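Chain and residue survey
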Amino acid sequence: MSAKPEHYDLIKKPIITEKATMVSENGAVVFQVAMDASKPMIKEAVEAVFGVKVKAVNTVVTKGKAKKFRGRAGERSDKKKAYVTLEAGNTIDVATGL
């Protein structure tokens, strides 16, 4: 399956945090994805872009916080994260990029 331009629009960036590093030891990778992305769409995009087999996709929506920006009240935007579990033997090295 070849990667289509809309696959690249779906996956925004890999998330490299302490928690994401811990889940990567169990064969999972964490991506920030588009808010309107569904689990089947995320699975198809990851398989096409990275050439791996996906076992499962779990999603989390993080609500934006109210913060102050230069003394003015503002709000961070909502984010959607996808925890993508890969089949055994498949790996994605998020440090190298696409």
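Residues numbered from 1 in each chain as written. Predicted model: local features only at pLDDT ≥ 70, side-chain atom pairs only at ≥ 80, totals over all residues. Heavy atoms only, no water.

Condition: UniProt positions are given in the numbering used here, feature names are shortened, and annotations may be inferred rather than shown by experiment.
Taking an unreviewed UniProt entry as the reference, the protein is identified by name as Large ribosomal subunit protein uL23 belonging to Paragemmobacter straminiformis. Here is the UniProt Function (unreviewed entry) comment for the protein, exactly as written: "One of the early assembly proteins it binds 23S rRNA. One of the proteins that surrounds the polypeptide exit tunnel on the outside of the ribosome. Forms the main docking site for trigger factor binding to the ribosome."

With respect to the overall build of the protein
As a reminder of what qualifies: Counting from the N terminus, the helices are the DSSP runs of H or I reaching at least four residues and the strands are the DSSP runs of E reaching at least two. Using a 1.4 Å probe on the protein chains alone, a residue whose accessible area is under 20% of its type maximum counts as buried, one over 50% counts as exposed, and one in between counts as partly exposed. Residues are treated as being in contact if the distance between any of their heavy atoms lies within 4.5 Å. Counted as positive: Lys and Arg. Counted as negative: Asp and Glu, with His and the chain ends omitted from the count. Lys charges are placed at NZ, Arg charges at CZ, Asp charges at CG and Glu charges at CD.
A count of helices and strands for the protein gives three helices and six strands. Projected onto its principal axes, the C-alpha coordinates of the protein cover approximately 50 × 30 × 25 Å. Residues classed as buried in the protein amount to 30% of the 98 residues present. In the protein, the share of contacts with a sequence separation of at least 24, taken over all contacts with a separation of at least 6, comes to 57%. Looking at the protein, you have 18 positive and 11 negative side-chain charges, and the mean spots of the two groups are 9 Å apart.

With respect to the sheet that holds strand 1 (residues 11–14)
Note: strands within a sheet are paired through backbone hydrogen bonds, in either parallel or antiparallel orientation. The test is simple: Two strands pair if DSSP finds at least two bridges between them. Angles shown run from 0 to 180 degrees and are taken between the N-to-C directions of axes, each axis being a line fitted to C-alpha atoms and, for helices, limited to the stretch in contact.
Strands sit in the order 1-2-6-3 across an open sheet of four strands; the sheet is antiparallel. The sheet terminates laterally at strand 1 and strand 3 (54–62), the two strands that pair on one side only. Taking each pair of neighbouring strands and ignoring which way they run, the sheet shows an average axis angle of 30 degrees. Here strand 1 runs beside strand 2 (residues 28–33); their pairing, made up of three bridges, is antiparallel.

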